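# Fold and geometry: a report
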Amino acid sequence: MNKSIVFCKLILLVFCLPIAAQNTLTISDGSNFEAQDFYPKFSWDTTPMYYMFGDQERVLHTKEVKHIAARTDFICIEKSHGLKQLGAAELGAKHDVAAFKKVKPDMKVLFYFNSAYAWPFTSYSKNFTQEKIDQHPELKKFLIIDPETKELAHRRNTFFFDVLNPEFRDWWVNTVAKGVAFSEADGAFIDQMHGFYWLRKDKSEDVQKAMGEMMSALKEKLGPNKILLGNNAQEKIAEYVFPAVDAIMFEHYKNEFLSKERLMKDWKDMLRIAKAGKISIFRIGVEYSDEAKNNKDYYKGRKRNEQLAKLSKEKLEYYHACYLIGAQPYSYFQYGWGWQLAHGSLLDYPELQKPLGAPKGAFVRTSLDVWEFTREFEHASVWVNTETGKAKISWKK
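Right, let's walk through the structure included here. (Residues numbered from 1 in each chain as written. Predicted model: local features only at pLDDT ≥ 70, side-chain atom pairs only at ≥ 80, totals over all residues. Heavy atoms only, no water.)

On the basis of which strands lie adjacent, the open sheet formed by eight strands has the order S1-S2-S3-S6-S7-S8-S9-S10 and parallel pairing. Strands at the two margins of the open sheet, each flanked by one partner only, are strand S1 (51–53) and strand S10 (331–336). For this sheet, the mean inter-axis angle between neighbouring strands, taken without regard to orientation, is 25°. In this sheet, S10 lies alongside strand S9 (residues 279–285) in parallel orientation, the contact comprising six bridges. Within the sheet, the bridge partner assigned to Phe 282 lies in S10 and is Phe 333. (Pairing = 2+ DSSP bridges. Helix = DSSP H or I, 4+ residues; strand = E, 2+ residues; numbered from the N terminus. Axes fitted to C-alpha atoms, helices over the stretch in contact; angles between N-to-C directions.)

The structure is reproduced here in structure tokens:
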């Protein structure tokens, strides 16, 4: 072999080895994370963030797109986005998928759909309303009948899908796939995967199996290069849903989900999910903190967003630390106080933009009889006590 060719190969090898090492993502147990090609970009440079938002009144302004795109590569457009301006939520999603791709072509943007509540925000689901449903018997048969009233079950006039109906499952899979294709999204966020099993306790196992079948069918329909994100897919239904999804959100939608025991479970689940090569999202809603729960001023009135914005900044260090203790490769942090655009997505949190660096290992529990944990990152030292709700992140210069 020509000596010059051998020399060039050696030079390439020397320079490529550090790059390969940098691109290797190590799980806290020492194993490597196996990312899929269609996953979003992931980096420990700053806190890995996921954003999810919607504005029923309108689509985003350019400055809002740029603000969010500067902070993340991974988002979801919420269920009623752009409805009043454009007439249907899939139009709002399509508009802002294009807007984000223009600013950041590699951005991964998900289309929202619910698997339990029949939200009437898309053109595909607009007839699931009290005024229209009787005119559409082909859709009405997809809904759950309240076992007590014998009428259509609903929550504030939003009907419930019946996952036990195989015709519904076919319609739902095709509908979600249609929304993803039309909006040119990179996959789907699926909410509420419980199937209202508590309304049919005698068929609870059947409901869970049916939901798993539906999610598997959707993953197949979407194709191998689309992301399927399931909300709370680590919960009761996980046995059947987990194999189908690529990503899982831990939505802390009740105050008790922020207990010390629950946070410990989250950290174990984040490790388990990473070892399976899947994405996790640690979502905190500060509206479920003790301060908000015990103070009606955080919930009502014109100053609601102002109050919760202030609370979110006060609580950020603690919740940020709770995420960092358990974070794995492709674990993302989502923070705010709801799902609307005005609920935190446009707020500036400087701490989340500070240099973080990769974790140096797993978290350490300081003692088995206390709920105190520490973890070291390249540019930060994290300490948290999940019993007292105190934390400290020390940023290294």
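Between helix H2 (residues 62–69) and helix H4 (residues 89–103), the least distance of the axes is 10 Å, while the angle of their chain directions is 60°. One finds that H2 runs oblique with respect to H4. Crossing of H2 against H4: the hand is right-handed. Contacts between H2 and H4 pair Val 65, Lys 66, Ile 68 and Ala 69 from the former with Ala 99, Phe 100 and Val 103 from the latter. Here the residues of the contact of H2 with H4 are counted per class, giving six nonpolar, no polar and one charged. (Parallel < 35°, antiparallel > 145°, perpendicular 65-115°, else oblique. Left-handed = near helix turned anticlockwise from the far one by under 90°. Contact = heavy atoms within 4.5 Å. Nonpolar A, V, L, I, M, F, W, Y, C, P; charged D, E, K, R; others polar.)

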